[in-house]
Amino acid sequence: MQMKFLVFGFPLLFLIVFSTGCASRYHLIEPLSVDFDHRVDTIPGTSFAVSWRYDVLKEAGNRAYPRIEKQQGVSLLAVRLENFGEDTLLFPEDLLIIAGEDTLPPFYVEETIAMFERRNKNDGLITVTSFYDLFVALFIMIPYAVNEGIKRNANNDMAAELEDYYLIYSTVLPGKKVAGLLALPVVRPGTPLKFFYRKR
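Residues numbered from 1 in each chain as written. Predicted model: local features only at pLDDT ≥ 70, side-chain atom pairs only at ≥ 80, totals over all residues. Heavy atoms only, no water.

*Asks:* Please explain the environment of Asp94 as it appears in this structure.
*Replies:* You can see Asp94 is positioned in the loop between strand E4 (89-91) and strand E5 (95-99). The exposure class assigned to Asp94 is buried, which follows from its relative accessible area of 1%. Residues Asp94 and Phe196 lie 102 residues apart in sequence; the distance between their C-alpha atoms is 8.3 Å. A polar contact of 2.8 Å, which involves the side chain of Asp94, links it to the backbone nitrogen of Leu90. (Helix = DSSP H or I, 4+ residues; strand = E, 2+ residues; numbered from the N terminus. Buried < 20%, exposed > 50% of the residue type's maximum accessible area, 1.4 Å probe, protein only. Polar contact = N/O pair within 3.5 Å; in protein donor to acceptor, adjacent residues only side chain to side chain.)

Structure (structure tokens):
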């Protein structure tokens, strides 16, 4: 009995530990605590100000999601809107976002969640016809199941933070500020942005 555990138990235990180490969890960005001081832009002709920061997924300690940014051609930013005037600011209705000569339509939260969802590539079934097949299946399926669970939890955690802090449909009242997250079709992080007020 002890020998069987040594032969089968330790390899399985190693695979479980290894698979949990390979799959990365989601680390919260917490946009309310992001340092925006190095990027502040007053919107021309208004009493509104906007600050933003790229690479917030990476800076929060995430590994997989910054790779998805590159694959999808999107950047997730932390953005803060401030209202120093007497008029209410509605986002995105009142603002245009420009990079170079391009207008950047922000993605909606549902689109952003879908783009960043991590999926497992191995969806095949394993046919078990012998004890050896069962042994091989365990070595494949246990790490797969553990990995899948970690990815699912990470996706859920990211979706929850996006739903809590996504800036689309935000209202910034006079004398107030709102900080949150925003996904833009920007391939290169650090691309200069300009914000313009759309007169109602």
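Still more to cover.
*Asks:* What exactly am I supposed to notice about the packing of aromatic side chains here?
*Replies:* One pair of aromatic rings is described through two measures. These are the centre distance and the angle between the planes. Here the structure, examined in full by the defined rule, presents five aromatic pairs. Pairing Phe48 with Tyr197 gives two aromatic rings, centres 5.6 Å apart and planes at 55°, and the pair type is tilted. Here the residue Phe48 occupies a position in strand E2 (residues 48-53), and Tyr197 occupies one in strand E9 (residues 194-197), the gap between them amounting to 149 residues. Assessed through its relative accessible area of 4%, Phe48 is described here as buried. Judged by relative accessible area, which is 26%, Tyr197 ranks as partly exposed. Taking 5.5 Å as the distance between ring centres and 45° as the angle between the ring planes, the aromatic pair formed by Trp52 and Phe195 counts as tilted. Taken together, the residues span a long stretch of sequence, with Trp52 in strand E2 and Phe195 in strand E9 at a distance of 143 residues. Residue classification places Trp52 among the buried positions, given a relative accessible area of 5%. (Phe/Tyr/Trp six-rings, centres within 6.5 Å; stacked < 30°, edge-to-face > 60°.)

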